[in-house]
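The lines below spell out each chain.
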Amino acid sequence: MNKKIVIGVREAVFFILLTLLYFQNWLIEVNPIFGFLDEGVSLFCLIYFLYSTINKGKIKKYIFSIFLIAFLIIVIMICFNFFFKIQTNFIPIVEDLFSLFKFLFVYLGMSEYLTRNRINRTTVAKAFTPLLKFYLLVLFICSIFNLFIDINMDSGSRYGFRMFSFIYDTPGHIINQASYSLLILNAVGDSMKRNKIWIGITLFIMTMTLKTRAFILIVSYFSFIYVFKLKRKRNMVLESGIIASLIILVGYSQFDHYFLNNGTPRQMFVAGALKLVREYFPFGTGFATYGSSAASDDYSKLYYQLGFSTRWGLDPTTKLFLNDNYLPMVFVQFGLILGCIYILLIYKIIKGFLNSIKNQQSPTLKVVTYFFLSDIVLSSIQSSYLAHYSVVTLSIFYFIFFYNDVLEELG
């Protein structure tokens, strides 16, 4: 007889939250208000972190140092806003602040929350997995049909095949959902072994998007399985080099096309960023001024100065390439010095995760942790992933299902 799933209030709340976050890209199409879901989650995480710090104390020095550095960066950036007066409107500044720091706010808040409150992750996983598998089955069937028949579920073609995007306007949403799926399919016990067919289906769906980012993440995933599950004696330096070489081999052609070819909108955007970094050195232009969604929505004065307003894809109407370049956005808005400090802050968080799993015995935990961090880093090279709502979902999934095994080592 199958045991009934007994779910508590806390687990029920997280089940609902995971469901809303997983399908946020679809829910936004239904009602734009769901576009603020990730900001709401990151705001809750920040408020909980501050509440916990003020009222309960005993916060880890490692966590508090990250918050303090982030707070100083935010204050200085707001000074940039009001000194250079490129963007002084309150709403765009706040929107951009949460976009740029949402990953960090989730990290701080979930670290504190899950340190003080235990969640039965097995219960949450068992409640969510049936819904996930049904959705993956729908995607799998549709991707097969899309391969042979035009069912209006593509976003163009590549290599002579249709790029599967389901009901969304871009295959990137499918790749994001597939990444979330890989986390939960590896979440409990020997799930990787039990769910290997569903993991295979997820990777197939990613492949059907025909996007370079999907191929890079698949290569990364299999590489980590090889290193941590299939090979006992490991030379991490050598194997890291091999993995990096494979990723570069897969992704270089697209990188060259988008960023190095003269005349493309992305190359023009990067060139504009370099010009602004030199012009404002060592300062930045402040929040909502370059490369962010807020700078795109409230079309930045800098775009007019750089001639973007007359270029398709960068003009006030199309805006296709104005918010998918992460590092140019960081170094223009933060400035060279603060930009480097911000990148080092992200590096510090990533290094903390990696250090915490060195002595862990679970190969699955290591595979998932490296995949989670690789998704964040690699996706931010070709898009503004760390400022996108999907990074909140990926992080929440990781924290809920793998927190107890990882963050207890930090301190």
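Residues numbered from 1 in each chain as written. Predicted model: local features only at pLDDT ≥ 70, side-chain atom pairs only at ≥ 80, totals over all residues. Heavy atoms only, no water.

With that settled, the discussion passes to the nonpolar core. Grouped together as the largest cluster of nonpolar side chains are 105 residues, with contacts concentrated most on Phe 101, Ile 396 and Phe 401. A per-element tally of this core places helix H5 (residues 90-116) first, with 14 residues. In contact with Ile 396, not counting residues within four places along its chain, are Leu 17, Leu 18, Leu 21, Val 41, Val 106 and Met 110. One finds Leu 276, Val 277, Tyr 280 and Tyr 303 within the second-largest nonpolar core, a separate group that totals 17 residues. (Core = buried A, V, L, I, M, F, W, Y, C linked by side-chain atoms within 4.5 Å. Buried < 20%, exposed > 50% of the residue type's maximum accessible area, 1.4 Å probe, protein only. Helix = DSSP H or I, 4+ residues; strand = E, 2+ residues; numbered from the N terminus. Contact = heavy atoms within 4.5 Å.)

The next point concerns the packing of aromatic side chains. For any two aromatic rings, the description comes down to two numbers: the centre-to-centre distance and the angle of the planes. Overall, the coordinates contain 51 aromatic pairs when judged by the stated rule. Here the aromatic rings of Phe 80 and Phe 283 are separated by 5.9 Å at their centres, their planes lie at 65 degrees, and the arrangement is edge-to-face. With Phe 80 in helix H4 (residues 61-84) and Phe 283 in the loop between helix H12 (265-280) and helix H13 (293-297), the pair connects residues that are 203 residues apart, well separated along the chain. On the accessibility criterion, Phe 80 (8% relative accessible area) is buried. We classify Phe 283 as partly exposed; its relative accessible area is 43%. (Phe/Tyr/Trp six-rings, centres within 6.5 Å; stacked < 30°, edge-to-face > 60°.)

Residue Pro 282 is bonded to the preceding Phe 281 through a cis peptide linkage, with omega at 5 degrees. Structurally, Pro 282 can be placed in the loop between H12 and H13. Of note in this structure, Asn 152 is not a glycine but carries a positive phi near 60 degrees. Within the element layout of this structure, Asn 152 appears in the loop between helix H6 (121-148) and strand S1 (154-158). The backbone of Phe 166 sits at a positive phi, close to 55 degrees, despite the residue not being glycine. Note that Phe 166 resides in the loop between strand S2 (161-164) and helix H7 (172-185).

Moving on, we come to the pattern of salt bridges. Within the structure shown, the criterion is met by three salt bridges. Here Asp 38 ties to Lys 102 by a salt bridge, and the two come within 2.5 Å at their closest N and O atoms. Here Asp 38, found in helix H3 (residues 37-55), pairs with Lys 102, found in helix H5; they are 64 residues apart in sequence, far enough to count as distant. By relative accessible area, Lys 102 is classed as buried at 1%. Through salt bridges with shared partners, one network takes in Asp 38, Glu 39 and Lys 102. (Salt bridge = Lys/Arg side-chain N within 4 Å of Asp/Glu carboxyl O.)

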